[in-house]
Amino acid sequence: MGKTTLAVAFSKTMRLDYRRIQFTPDVLPSDLTGFSLYWREEERFVYQPGSVFCNLLLADEINRTSPKTQSALLEVMEERKVTVDGVTREVPSPFLVIATQNPSGAIGTQYLPEAQVDRFMISLSLGYPDLESELAMAMGTEAGSRTEGIEPVITGAELMDMQKDIYDVYMKEEVGRYLVELIRSTRNHPHLARGASPRAAIALVRMAKARAWSEGRDYVMPSDVSGQFPYVASHRIVLNSAASMEKITKQQVLEEIIRKTRTPSIGARKG
């Protein structure tokens, strides 16, 4: 599906230091966080940085490795730092993690810990391309990498400045209440065994502000919230047995929640 190509393209357009780790059952936590190696000549231990010391980390097929290794990403995804041998080290800024996974239940897969799933801001499925797109891909096959011609458009520092600007985007209380109502509705839905966490509400605020900023606005509209809600909530909810029996999907549940939640009539920021 071109997941790796997509991650490389992101890193090149933003001049980010990129690393990819292919998760397999024998990958160890130290492969991610690093380890201390004894240097005989100097009679001391020297720290060897792991794969997470980069700007953009692609965790390929993350659910093929052990839960212990999966959990090694928890601290760095939340705190942007790792602790090895009692010493805490910060990873470079900015820091992003893009992870891919195989279908649940496939041979050699492990379910991700709920705490780790919750730390991914959004989730989406690429799916298969349409006919014209797949034809263009097939006809465009040639020697060399597909990402060779990509030119940077911003730097990592500019990306961080954008993030700061997004934090300043205004969200009115009515829109904030609408956002929280969407998240809370997942917790008592008859077809869900588990709803979205409070962390989902924080992620949805950030995504809604990012969408408003990308549209050239300094305030959040309800459409920004509802548009990003499925991407923020889909990986955080779990269908129950009733949904399985009725062949109801997560997308249908989230669309129903959006449809049944009253949308406030909010315009631009006043004053």
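For clarity, every value in this text was computed on a predicted model and none was experimentally measured. (Residues numbered from 1 in each chain as written. Predicted model: local features only at pLDDT ≥ 70, side-chain atom pairs only at ≥ 80, totals over all residues. Heavy atoms only, no water.)

Undergrad: What is the right way to look at the overall build of the chain in this model?
TA: The helix and strand inventory of the chain stands at 11 helices and nine strands. Taking the principal axes of the C-alpha coordinates as reference, the chain spans close to 70 × 50 × 50 Å. Put simply, the chain has 271 residues, and 38% of those count as buried. The contacts of the chain with a sequence gap of at least 6 include a subset with a gap of at least 24, amounting to 73%. (Helix = DSSP H or I, 4+ residues; strand = E, 2+ residues; numbered from the N terminus. Buried < 20%, exposed > 50% of the residue type's maximum accessible area, 1.4 Å probe, protein only. Contact = heavy atoms within 4.5 Å.)

Undergrad: Mind showing me how you'd approach the side chain of glutamine 228 here?
TA: By the secondary structure assignment, glutamine 228 is in helix α9 (residues 222–233). For glutamine 228, a relative accessible area of 13% translates into the label buried. Ignoring sequence-local partners within four residues, the contact set of glutamine 228 consists of Leu204, Met207, Ala208 and Arg211.

Undergrad: I keep staring at a nonpolar patch on the surface and nothing clicks. Help me out?
TA: Taken together, the side chains of Leu6, Phe10, Met121, Ile122, Leu124, Leu126 and Tyr231 define a hydrophobic patch exposed on the protein surface, amounting to about 600 Å² of accessible area. Tracing the chain through its elements places phenylalanine 10 in helix α1 (residues 3–13). Judged by its relative accessible area of 38%, phenylalanine 10 falls in the partly exposed class. (Patch = residues over 30% accessible without salt bridge, like charges linked within 9 Å, V, L, I, M, F, W, Y side chains within 5 Å. Areas by Shrake-Rupley, 256 points an atom, 1.4 Å probe, with all protein chains shown as cover. Salt bridge = Lys/Arg side-chain N within 4 Å of Asp/Glu carboxyl O.)

Undergrad: So what exactly am I meant to see when it comes to the pairing of strand β6 (residues 87–90) here?
TA: Looking along a regular strand, one sees side chains alternate from face to face of the sheet. Relative to β6, strand β5 (residues 81–84) runs antiparallel, the two sharing four bridges. Bridged to threonine 83 within β6 is threonine 88. (Pairing = 2+ DSSP bridges.)

Undergrad: How should I be thinking about unusual backbone geometry in this particular structure?
TA: Leave glycine aside and you will find that most residues have negative phi; peptide bonds, for their part, are mostly trans. Following serine 93, the chain continues into proline 94 via a peptide bond in cis, with omega recorded as -5°. Along the chain, proline 94 turns up in the loop between β6 and β7 (96–99). The backbone of aspartate 85 sits at a positive phi, close to 55°, despite the residue not being glycine. The exposed category is assigned to aspartate 85, whose relative accessible area is 59%.

Undergrad: Please clarify how the side chain of threonine 65 should be interpreted in this entry.
TA: If you trace the backbone, threonine 65 turns up in the loop between β4 (56–60) and α3 (67–79). Of the residues examined, threonine 65 reaches a relative accessible area of 1% and is grouped as buried. There is a polar contact of 3.0 Å between the side chain of threonine 65 and the backbone oxygen of threonine 24. Once you skip the residues sitting within four places of it in the chain, threonine 65 turns out to touch Phe23, Thr24, Pro25, Val27, Gln70 and Gln110. (Polar contact = N/O pair within 3.5 Å; in protein donor to acceptor, adjacent residues only side chain to side chain.)

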